[in-house]
Amino acid sequence: HLNMFHRAVFKEALSGMNYFRVRLFLPTGKNIFSQIAALDFTGHEGFVLAPNPSAGRVRIPMKSLAGKEMDLVVSNPLGVEVHRQYFEEMPNKTLELDFVAKGLKDGIYTVSLVYLGRAFTHRLVLTGTPGSIYQGN
């Protein structure tokens, strides 16, 4: 009997009911399958980043995803996670994030809200942070 926990992000999940199962390849050459899991992605349109481009401070209105358990994940262009914030229950307000205070430099980042295994994703451009080439310093 195997006890496993698997977490995945499905960037291309279809709206509505989706069915998944995990296939595990064993070293013996045999395969085993998990039970089928159903996930409903109906009614979740995602989120908005503003302003974008930004000098570092970004607002994300969270009304449509309020009360949900989710992760906010920021990745650099190489896909390396540079910031993660877990929300047991997303507040029903606008999140205000200061990415400069979190140590992010000018560049292009991917900001994702991960809910029920689905990632709602936007690109964020940070420009004009203190000492940046965009300020002429």
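Visitor: Describe a nonpolar patch on the surface, naming the residues involved and giving the relevant values.
Guide: Together, Leu78, Val80 and Val82 make up a nonpolar patch on the protein surface, roughly 290 Å² of accessible area in all. For Val82, the location among the structural elements is in strand β7 (residues 81–87).

Visitor: I'd like a rundown of the environment of Phe87, residues and numbers included.
Guide: Mapped onto the elements, Phe87 comes out in strand β7. For the pair Phe87 and Leu72, spaced 15 residues apart in sequence, the C-alpha separation works out to 7.9 Å. Beyond its immediate sequence surroundings of up to four residues, Phe87 is in contact with Lys68, Glu69, Met70, Leu72 and Leu95.

Visitor: Break down the environment of Asn92 for me, citing the residues and quoting the values.
Guide: Looking at the secondary structure, you find Asn92 in the loop between β7 and β8 (94–98). For the pair formed by Asn92 and Pro61, sequence separation is 31 residues and the distance between their alpha carbons is 8.2 Å. In this view, Asn92 contacts Lys63 and Ala66; residues no more than four positions away in its chain are not counted.

Visitor: Explain the environment of Ile36 to me, using residue names and the numbers behind them.
Guide: Tracing the backbone through its elements, the reader meets Ile36 in the loop between β3 (31–33) and β4 (37–40). Sequence separation between Ile36 and Phe20 is 16 residues, and the spatial gap between their C-alpha atoms is 5.5 Å.

Visitor: How would you sum up the pattern of salt bridges? Please name residues and give values.
Guide: Inspection of every chain in the model, using the stated rule, returns three salt bridges. Ionic pairing is found between Asp98 and Arg57, a salt bridge with its closest N-O pair at 3.6 Å. Linking Asp98 in strand β8 with Arg57 in strand β5 (residues 57–61), this pair joins segments that are 41 residues apart in sequence. Note on Asp98: relative accessible area 23%, which makes it partly exposed. Glu81 is the salt-bridge partner of Arg84, the closest N and O atoms lying 2.9 Å from each other.

Criteria and thresholds
- Residues numbered from 1 in each chain as written.
- Predicted model: local features only at pLDDT ≥ 70, side-chain atom pairs only at ≥ 80, totals over all residues.
- Heavy atoms only, no water.
- Patch = residues over 30% accessible without salt bridge, like charges linked within 9 Å, V, L, I, M, F, W, Y side chains within 5 Å.
- Areas by Shrake-Rupley, 256 points an atom, 1.4 Å probe, with all protein chains shown as cover.
- Salt bridge = Lys/Arg side-chain N within 4 Å of Asp/Glu carboxyl O.
- Helix = DSSP H or I, 4+ residues; strand = E, 2+ residues; numbered from the N terminus.
- Contact = heavy atoms within 4.5 Å.
- Buried < 20%, exposed > 50% of the residue type's maximum accessible area, 1.4 Å probe, protein only.

Just distances and angles here, no functional claims.
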